[in-house]
Amino acid sequence: MNILLVGAGLSGAVIGRRLAEAGHDITIVDGRDHIGGNCHTERDAETDVMVHVYGPHIFHTDDEEVWNYVNEFTTFMPYKNRVKTTSQGQVFSLPINLHTINQYYGKTMRPDEAREFIASIGDSSIEEPETFEEQALKFVGPDLYEAFFKGYTEKQWGCSPTELPASILKRLPVRFNYDDNYFFHKFQGMPENGYTPMIEAILKHDKITVKLNTWYTPEMGEGFDHVFWSGPLDGFFDYKLGRLGYRTLDFEKFTEQGDYQGCAVMNYGDRDVPFTRITEHKHFSPWEEHEGTVCYREFSRSCTPDDIPYYPIRMVDEKAMLADYVALAEESEGVTFVGRLGTYRYLDMDVTIREAMDTATMFLEHQENGSKMPAFAVSPQ
Ligand code: FAD
Ligand code: UDP
């Protein structure tokens, strides 16, 4: 079969590879001038530091098959994400752990004491937290919420934490020990030469042709038996029902000599600091040495038609519109919507890869049975 994939990010690359290995002819188009989608990395011309162009990406997963898969295509170096935050004139460790709690309250509590203390300041009247704010007030109480989450979240999402779902905060643990690893997954690391060479290796197959600087047009789909779409779901339908809401990011780059902040990620919890965080990219490759350093201040704002969509908002309005787009997609023939933008969900890289592998397997099964491949392998709702 002749198959077109729109988007040369992880979704397009992994699906393309699987289907090419099964003998199909694969064409992948991407409007950008590089492969890799938002995982794209490149060396900074001035400092030679490996830069994560669309924001920092740390690989973390419990999925051993996915971990083995990425390790087939590149060498991963050990990397633990240890995030700091500047708030109220001090630097603290994240995610909230025993060090954070003891430092914030000027105490020397042991794990059980801290657990009891935090339980005593948490709002126990909230039984089932529905909003971000309720989740925070229940599990860390008002002081830590104000210091670390309220201002940051208002900047990141452009709205009050009372309007956001509790699920966003549930991504972050509260630890009653000194473990300051941001993630708790079994496998964590950073590709030695960045993500783009890894994705290039996935795409390196005789049956895969990649065309860059090529934005999809509907005529393009005509000579193909099936299309996999990893662009924005609403974009496929020319935004005819309106635009799904996204946050976008502005990166303000600056370079210095030496070590600017001593860590890869420094968050800023205070509302009056306009950016959410500063990332210093040479610390993402601690096995390399560079005299210069390159940093980015990260500003979050609402996404306009000319911006790159980063974070799906998925608030009530978006969910209603999403349901309408899903219905349209399900009526379409010969197209499957995949990935972060195609299914309008926040997906980490490992989940993107897992879903891409399963989507390809599903496609091959449908093809064998002569049945119709659905519009979504994983529902966006
Ligand atoms: P994308 O990478 O977005 O690729 C889609 C591609 O489609 C793009 O290259 C785009 O140019 C192309 N495209 C779109 N429309 C068209 C069109 N009409 N015609 C042609 N081409 C088109 N995950 C982690 O695991 N760890 C992290 O630390 C992490 N950090 C992140 C930080 C940020 C700021 C963001 C936004 C995401 C982060 N992620 C992280 C998630 C990660 O970026 C995604 O899992 C991954 O990029 C999803 O891959 P994808 O192929 O689905 O989408
Ligand atoms: N968050 C916060 N303060 C921080 C870090 C995170 O308030 O210092 C909130 C913020 O709303 C963010 C959410 O917790 O969207 C989840 O954090 P994560 O690190 O997963 O952020 P994301 O991947 O969304 O940038």
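Below you will find a few notes about this structure. (Residues numbered from 1 in each chain as written. Chains lettered and ligands numbered in written order. Predicted model: local features only at pLDDT ≥ 70, side-chain atom pairs only at ≥ 80, totals over all residues. Heavy atoms only, no water.)

## Some points on the packing of aromatic side chains
So the rule is basically this: Note on aromatic contacts: the rings of Phe and Tyr and the six-membered ring of Trp form a pair at centre separations within 6.5 Å, being stacked when their planes are under 30 degrees apart, edge-to-face when over 60 apart, and tilted otherwise. The helix and strand labels rest on DSSP assignments: H or I over at least four residues marks a helix, E over at least two residues marks a strand, and numbering proceeds from the N terminus. Exposure classes here rest on a 1.4 Å probe applied to the protein chains alone. A residue is buried below 20% of its type maximum, exposed above 50%, and partly exposed in between.
All told, the structure shown has 30 aromatic pairs when counted by the stated rule. Each ring, one from Phe-237 and one from Tyr-325, has its centre 6.1 Å from the other, and the planes form 25°; the classification is stacked. With a gap of 88 residues between them, Phe-237 in the loop between α9 (233-236) and β12 (246-257) and Tyr-325 in helix α10 (residues 316-331) connect regions that are remote in the sequence. A relative accessible area of 11% means that Phe-237 is categorised as buried. By relative accessible area, Tyr-325 is classed as buried at 0%. Their ring planes at 75° and their centres at 4.9 Å tell us that Phe-254 and Tyr-260 sit as a pair that is edge-to-face.

## Structural notes on the site of ligand 2
The condition that has to hold: Only a single heavy atom is needed: when it lies within 4 Å of a molecule or strand, its residue is near that molecule or strand. As used in this structure description, the phrase polar contact means that two N or O atoms lie within 3.5 Å; if the pair is within protein, one of them must be able to donate a hydrogen and the other to accept it, and residues adjacent in sequence are counted only when both atoms belong to side chains. Areas reported as accessible are Shrake-Rupley estimates using a 1.4 Å probe. Residue values count occlusion only from the protein chains shown. Residues are sorted three ways: Asp, Glu, Lys and Arg are charged, Ala, Val, Leu, Ile, Met, Phe, Trp, Tyr, Cys and Pro are nonpolar, and all the rest, Gly among them, are polar.
Surveying the vicinity of ligand 2 reveals 15 residues, the closest of which are Phe-148, Thr-153, Arg-171, Tyr-182 and Asn-267. At 2.5 Å from an oxygen atom of ligand 2 is found a side-chain nitrogen or oxygen belonging to Tyr-182. A distance of 2.8 Å separates an oxygen atom of ligand 2 from a polar side-chain atom of Asn-267. In isolation ligand 2 has 500 Å² of accessible area, and contact with the protein removes 92% of it. Here the shell around ligand 2 takes six residues from helix α6 (residues 141-157), the largest share from any one element. Partitioning the shell around ligand 2 into residue classes produces eleven nonpolar, three polar and one charged.

## Some points on the site of ligand 1
The environment of ligand 1 is formed by 35 residues, the closest being Ser-11, Asp-30, His-57, Leu-347 and Met-349. Taking Asp-30, its side chain carries an N or O atom lying 2.6 Å from an oxygen atom of ligand 1. Interatomic distance of 3.0 Å between a backbone N/O atom of Tyr-216 and a nitrogen atom of ligand 1. Contact with the protein chains hides 95% of the accessible area of ligand 1, taken as 1,000 Å² for the molecule alone. Elements that contribute at least two residues to the shell around ligand 1 include exactly α1 (10-21), α11 (339-342) and α12 (349-369).

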